[in-house]
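Structure at a glance
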Amino acid sequence: MLERIAMAATGLHFRMFGHATAERTALELTYEDICSVSRMAVIEDADGIVRTTWTDVYPNLACAFSAGSDRSNQTAAEHRIDHEAKLYVAPTVSIQAGDRVTVQRFGQAQLSSIYEVVGVPKRYATHNEVRLKVEELA
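Residues numbered from 1 in each chain as written. Predicted model: local features only at pLDDT ≥ 70, side-chain atom pairs only at ≥ 80, totals over all residues. Heavy atoms only, no water.

**Structural notes on the overall build of the protein**
A count of helical and extended segments in the protein gives two helices and eight strands. Starting at the N terminus and ending at the C terminus, the protein contains elements arranged as α-α-β-β-β-β-β-β-β-β. The contacts of the protein with a sequence gap of at least 6 include a subset with a gap of at least 24, amounting to 52%. (Helix = DSSP H or I, 4+ residues; strand = E, 2+ residues; numbered from the N terminus. Contact = heavy atoms within 4.5 Å.)

Written as structure tokens, this is what we have:
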């Protein structure tokens with residue numbers, strides 16, 4: 001099935017697997033989410049004060065989001081949210097450990113979440129696999 005989709009999308013008339021461009025096209029056809037990636041940057045104000053602030057690096061990227069483990073727990077004093085997930089994006093995107101990723105599911109703003117990139121993303125010829133984590137108090 002994916003082979004036919006890739007062939008239709010790229011006009012290729014040979015086997016998809018083993019051809020990174022066709023495989024990438026097939027994968028990107030399954031991306032149904034949007035994400036924005038921001039990174040801490042040093043900015044100097046007009047008055048000469050140097051500050052660090054979150055700066056958008058990649059706004060509105062097509063991506064695939066995969067919910068992972070959820071180790072959230074509730075005690076009498078607090079509700080701790082501890083959730084891991086994976087994000088799949090194009091291989092040309094350079095995401096770094098510590099970046100902040102806002103994921104919007106199915107084009108709906110009310111389903112958006114903010115995650116932190118954990119570790120170094122795995123880079124493949126067809127995609128990047130990025131580990132995400134959110135840990136906070138609710």
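**A word on the nonpolar core**
Nonpolar side chains tend toward joint burial in soluble globular proteins. With 18 residues, the main nonpolar core has Cys35, Leu87, Val101, Val103 and Leu132 as its most contacted residues. Leave out the neighbours within four places in its chain, and leucine 87 touches Cys35, Cys63, Ala64, Phe65, Val101, Val103, Asn128, Glu129, Val130 and Leu132. (Core = buried A, V, L, I, M, F, W, Y, C linked by side-chain atoms within 4.5 Å. Buried < 20%, exposed > 50% of the residue type's maximum accessible area, 1.4 Å probe, protein only.)

**Concerning the confidence of the model for the protein**
When pLDDT is averaged along the protein, the result is 81, and 70% of the positions lie at 70 or above. Per-element confidence in the protein ranges from a low mean pLDDT of 55 for helix 1 (residues 2-10) to a high of 93 for strand 7 (residues 122-123). (pLDDT = per-residue confidence, 0-100.)

**Observations concerning the packing of aromatic side chains**
In this description, an aromatic ring pair is defined by two values, namely the gap between the centres and the angle between the planes. All told, the structure shown has one aromatic pair when counted by the stated rule. Between phenylalanine 65 and tyrosine 115, the ring centres sit 5.4 Å apart and the planes meet at 45°, which makes this aromatic pair tilted. Of this pair, phenylalanine 65 sits in strand 2 (residues 50-70) while tyrosine 115 is found in strand 6 (residues 112-117), placing the two residues 50 residues apart along the sequence. Assessed through its relative accessible area of 8%, tyrosine 115 is described here as buried. (Phe/Tyr/Trp six-rings, centres within 6.5 Å; stacked < 30°, edge-to-face > 60°.)

**A look at the environment of glutamine 96**
The residue glutamine 96 is located in the loop between strand 4 (79-89) and strand 5 (100-104) in this model. In this structure the C-alpha to C-alpha distance between glutamine 96 and valine 117, which are 21 residues apart in sequence, comes to 7.0 Å. Ignoring sequence-local partners within four residues, the contact set of glutamine 96 consists of Arg39 and Val117.

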